[in-house]
Amino acid sequence: FFKQKTAYEIRNCDWSSDVCSSDLAIWFPFLAEPRERVLQWSSTTFAALRRLAVAEPHAGVAMTPLLIAVPESSGTPWWAPAVERWTRLCPDQVPAPLTAAIAVEVPVCDTTVHLPWLLQRISALGGVIVRRTVHALDEALAVAPTVVNCTGLGAAALCNDREVIPVQIGRAHV
């Protein structure tokens, strides 16, 4: 995460009004394609977030148990190579009303801590943060050789991608 001295520019980032400014972000590569590329990205992200959870206690990242409902006859999850270990629970360990589940430890970011930590890290490395509204992804690509699009559902408007839709709402009990 931001290891070299580079000019980072954050665009259109009013986190105070964004849903992520008051939530937890759970690492999990679900409903994403193509799986081969997602596995690469998610493996890299898992390892980096795990390192942060251990080495940077003020970064707002913690390794947390996650229980995933799965079909009884399911095999090895496609995302298994990205994690350190996972366990298929025995039937007597699966909470009702589930019939089968997998337990895995995953990184969870408290975004109210992690996002300010990231901004501080960028500043410490000499990055300059510029707030500006971007109406199309091409505007960002015109001034930067690499753009990381973290707009989530905002990609529908920013990238004119009408296939981006909300697919699932998660609920965590802590």
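Computed from a predicted structure; not experimentally measured.

## Details of the environment of His-58
Point 1. With respect to the element layout, His-58 can be found in the loop between α1 (35-55) and β2 (61-69).
Point 2. Spatially, the C-alpha atom of His-58 lies 7.6 Å from that of Trp-117, the residues being 59 residues apart in sequence.
Point 3. If we skip the residues at most four places from it in the chain, His-58 touches Val-113 and Trp-117.

## Some words on the pairing of strand β4 (residues 101-110)
Point 1. Most of β4 sits out of view: 7 of its 10 residues are buried.
Point 2. Taken together, the 3 bridges between strand β1 (residues 24-26) and β4 define a ladder with antiparallel strand orientation. Pairing of Ile-26 across the sheet is with Val-108, part of β4.
Point 3. For β2 and β4, the ladder comprises 9 bridges, and the chain directions are antiparallel. Each bridged residue has a counterpart across the sheet, and for Leu-66 the counterpart in β4 is Val-104.
Point 4. Examined bridge by bridge, strand β3 (residues 86-88) and β4 share 3 bridges and lie antiparallel to one another. Bridged to Arg-88 within β4 is Ile-102.

## Description of the nonpolar core
Looking at soluble globular proteins, one finds that nonpolar side chains tend to be buried together.
Point 1. Ranked by internal contacts, the top residues of the largest apolar core, which has 21 residues, are Trp-27, Leu-49, Leu-52, Val-61, Trp-79, Val-83 and Val-104.
Point 2. Contributions of two or more residues to this core are made by α1, β2, β4 and α2 (111-124).
Point 3. Looking at this core element by element, the count peaks at 5 residues for β4.
Point 4. Sequence-distant contacts of Val-83, that is, excluding residues within four places in its chain, are made with Trp-27, Phe-46 and Val-104.

Criteria and cut-off values
Residues numbered from 1 in each chain as written. Predicted model: local features only at pLDDT ≥ 70, side-chain atom pairs only at ≥ 80, totals over all residues. Heavy atoms only, no water. Helix = DSSP H or I, 4+ residues; strand = E, 2+ residues; numbered from the N terminus. Contact = heavy atoms within 4.5 Å. Buried < 20%, exposed > 50% of the residue type's maximum accessible area, 1.4 Å probe, protein only. Pairing = 2+ DSSP bridges. Core = buried A, V, L, I, M, F, W, Y, C linked by side-chain atoms within 4.5 Å.

Functional significance is not addressed by these values, which are geometric in nature.
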